[in-house]
Amino acid sequence: MCVIFTTISLSFLLITLNAIVTVLSLIGVLWAISATLVGVLLAYAVVGTGLSILIGHRLIGLNYQQYQKEADFRYSLVRVRDNAESIAFYRGEKRESRDLVGRLGRPC
(Lines give C-alpha, C1' and ligand atoms only; values in the text may rest on other atoms or scores of the structure.)
Protein backbone atom coordinates (compact mmCIF):
# COMPACT_ATOMS: atom_id res chain seq x y z
CA MET A 1 0.00 0.00 0.00
CA CYS A 2 2.83 2.38 0.85
CA VAL A 3 4.56 1.70 -2.47
CA ILE A 4 1.40 2.62 -4.40
CA PHE A 5 1.02 5.87 -2.44
CA THR A 6 4.67 6.76 -3.06
CA THR A 7 4.40 5.96 -6.76
CA ILE A 8 1.23 7.99 -7.20
CA SER A 9 2.66 10.92 -5.21
CA LEU A 10 5.86 10.94 -7.24
CA SER A 11 3.91 10.67 -10.48
CA PHE A 12 1.70 13.59 -9.46
CA LEU A 13 4.75 15.67 -8.56
CA LEU A 14 6.44 14.94 -11.89
CA ILE A 15 3.29 15.74 -13.87
CA THR A 16 2.91 19.03 -11.97
CA LEU A 17 6.53 20.00 -12.53
CA ASN A 18 6.27 19.13 -16.22
CA ALA A 19 3.15 21.28 -16.55
CA ILE A 20 4.82 24.23 -14.79
CA VAL A 21 7.91 24.05 -17.01
CA THR A 22 5.75 23.76 -20.13
CA VAL A 23 3.60 26.75 -19.17
CA LEU A 24 6.61 28.89 -18.33
CA SER A 25 8.36 28.06 -21.60
CA LEU A 26 5.21 28.72 -23.65
CA ILE A 27 4.63 32.02 -21.83
CA GLY A 28 8.21 32.98 -22.72
CA VAL A 29 7.61 32.23 -26.40
CA LEU A 30 4.26 34.08 -26.42
CA TRP A 31 5.80 37.04 -24.56
CA ALA A 32 8.40 37.32 -27.32
CA ILE A 33 5.57 37.48 -29.86
CA SER A 34 3.26 39.83 -27.95
CA ALA A 35 2.83 40.77 -24.28
CA THR A 36 -0.82 41.59 -24.97
CA LEU A 37 -1.41 38.05 -26.20
CA VAL A 38 -0.10 36.66 -22.89
CA GLY A 39 -2.44 38.95 -20.95
CA VAL A 40 -5.47 38.00 -23.06
CA LEU A 41 -4.72 34.28 -22.75
CA LEU A 42 -4.27 34.51 -18.98
CA ALA A 43 -7.57 36.42 -18.65
CA TYR A 44 -9.27 33.80 -20.85
CA ALA A 45 -7.93 31.00 -18.65
CA VAL A 46 -9.04 32.74 -15.44
CA VAL A 47 -12.56 33.43 -16.76
CA GLY A 48 -12.90 29.87 -18.11
CA THR A 49 -11.78 28.38 -14.80
CA GLY A 50 -14.17 30.62 -12.87
CA LEU A 51 -17.11 29.64 -15.05
CA SER A 52 -16.21 25.95 -14.73
CA ILE A 53 -16.16 26.27 -10.95
CA LEU A 54 -19.52 28.09 -10.89
CA ILE A 55 -21.20 25.56 -13.17
CA GLY A 56 -19.49 22.51 -11.66
CA HIS A 57 -20.35 23.47 -8.07
CA ARG A 58 -24.01 22.69 -8.67
CA LEU A 59 -23.14 19.39 -10.34
CA ILE A 60 -21.50 18.12 -7.14
CA GLY A 61 -24.83 18.23 -5.30
CA LEU A 62 -26.69 16.67 -8.20
CA ASN A 63 -24.15 13.85 -8.39
CA TYR A 64 -24.54 13.20 -4.65
CA GLN A 65 -28.33 13.08 -5.00
CA GLN A 66 -28.06 10.62 -7.89
CA TYR A 67 -25.82 8.28 -5.89
CA GLN A 68 -28.17 8.57 -2.91
CA LYS A 69 -31.21 7.63 -5.03
CA GLU A 70 -29.35 4.73 -6.66
CA ALA A 71 -28.22 3.37 -3.29
CA ASP A 72 -31.75 3.65 -1.89
CA PHE A 73 -33.15 1.86 -4.95
CA ARG A 74 -30.52 -0.92 -4.72
CA TYR A 75 -31.35 -1.39 -1.04
CA SER A 76 -35.03 -1.73 -1.92
CA LEU A 77 -34.27 -4.28 -4.65
CA VAL A 78 -32.20 -6.37 -2.25
CA ARG A 79 -35.00 -6.20 0.33
CA VAL A 80 -37.50 -7.37 -2.29
CA ARG A 81 -35.19 -10.20 -3.35
CA ASP A 82 -34.70 -11.32 0.25
CA ASN A 83 -38.44 -11.26 0.92
CA ALA A 84 -39.61 -12.50 -2.50
CA GLU A 85 -41.30 -15.59 -1.09
CA SER A 86 -43.35 -13.63 1.43
CA ILE A 87 -44.25 -10.99 -1.14
CA ALA A 88 -45.46 -13.64 -3.56
CA PHE A 89 -47.35 -15.55 -0.84
CA TYR A 90 -49.24 -12.43 0.29
CA ARG A 91 -49.63 -11.14 -3.29
CA GLY A 92 -47.80 -7.90 -2.54
CA GLU A 93 -46.21 -7.44 -5.96
CA LYS A 94 -48.19 -4.32 -6.84
CA ARG A 95 -47.44 -2.66 -3.52
CA GLU A 96 -43.72 -3.44 -3.79
CA SER A 97 -43.66 -2.20 -7.38
CA ARG A 98 -45.31 1.08 -6.33
CA ASP A 99 -42.81 1.40 -3.48
CA LEU A 100 -39.84 0.88 -5.81
CA VAL A 101 -41.09 3.37 -8.39
CA GLY A 102 -41.94 5.80 -5.59
CA ARG A 103 -38.37 5.66 -4.30
CA LEU A 104 -37.10 6.84 -7.68
CA GLY A 105 -39.57 9.73 -7.85
CA ARG A 106 -39.14 10.92 -4.27
CA PRO A 107 -37.04 14.07 -3.84
CA CYS A 108 -33.88 13.73 -1.76
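Scroll up to find the structure.
These lines cover the structure that appears in this document, whether it is placed above or below. (Residues numbered from 1 in each chain as written. Predicted model: local features only at pLDDT ≥ 70, side-chain atom pairs only at ≥ 80, totals over all residues. Heavy atoms only, no water.)

What to know about the side chain of Glu 96
Positionally, Glu 96 belongs in helix α4 (residues 93-105). Owing to a relative accessible area of 11%, Glu 96 belongs among the buried residues under this scheme. Polar contacts involving the side chain of Glu 96 include one to the side chain of Arg 79, which spans 2.9 Å. Sequence-distant contacts of Glu 96, defined by excluding residues within four places in its chain, comprise Arg 79, Val 80 and Ile 87. (Helix = DSSP H or I, 4+ residues; strand = E, 2+ residues; numbered from the N terminus. Buried < 20%, exposed > 50% of the residue type's maximum accessible area, 1.4 Å probe, protein only. Polar contact = N/O pair within 3.5 Å; in protein donor to acceptor, adjacent residues only side chain to side chain. Contact = heavy atoms within 4.5 Å.)

Notes on the pattern of salt bridges
Considering all chains together, one arrives at 2 salt bridges under this definition. Residues Arg 79 and Glu 96 are paired through a salt bridge, measuring 2.9 Å at the closest nitrogen-oxygen approach. Of the two residues, Arg 79 is situated in helix α2 (residues 35-82) and Glu 96 in helix α4; the sequence distance between them amounts to 17 residues. Among the residues examined, Arg 79 registers a relative accessible area of 26% and is labelled partly exposed. For the salt bridge of Arg 79 with Asp 99, the shortest nitrogen-to-oxygen distance reads 3.5 Å. Of this pair, Arg 79 sits in helix α2 while Asp 99 sits in helix α4; the two residues are 20 residues apart in sequence, bridging distant segments of the chain. Among the ionic contacts, a cluster of salt bridges with common partners joins Arg 79, Glu 96 and Asp 99. (Salt bridge = Lys/Arg side-chain N within 4 Å of Asp/Glu carboxyl O.)

Looking at the packing of α2 against α4
Two elements in contact, α2 and α4, have axes separated by 9 Å at closest approach and are oriented at 170°. When the axis of α2 is compared with that of α4, the two are roughly antiparallel. Residues Lys 69, Asp 72, Phe 73, Ser 76, Leu 77, Arg 79 and Val 80 of α2 pack against Glu 96, Asp 99, Leu 100, Arg 103, Leu 104 and Gly 105 of α4. Within the contact of α2 with α4, the residues separate by chemical class into 5 nonpolar, 2 polar and 6 charged. (Axes fitted to C-alpha atoms, helices over the stretch in contact; angles between N-to-C directions. Parallel < 35°, antiparallel > 145°, perpendicular 65-115°, else oblique. Nonpolar A, V, L, I, M, F, W, Y, C, P; charged D, E, K, R; others polar.)

Structural notes on the environment of Asn 63
The residue Asn 63 is located in helix α2 in this model. A C-alpha to C-alpha distance of 20 Å links Asn 63 and Thr 49, two positions 14 residues apart in sequence.

A word on α2
The end-to-end C-alpha distance of α2 is 69 Å, a good match for the 70 Å that 48 residues give at a rise of 1.5 Å each. Its side-chain oxygen placed 3.3 Å from the backbone nitrogen of Thr 36, Ser 34 serves as the N-cap of α2. (Expected span 1.5 Å × (residues − 1).)

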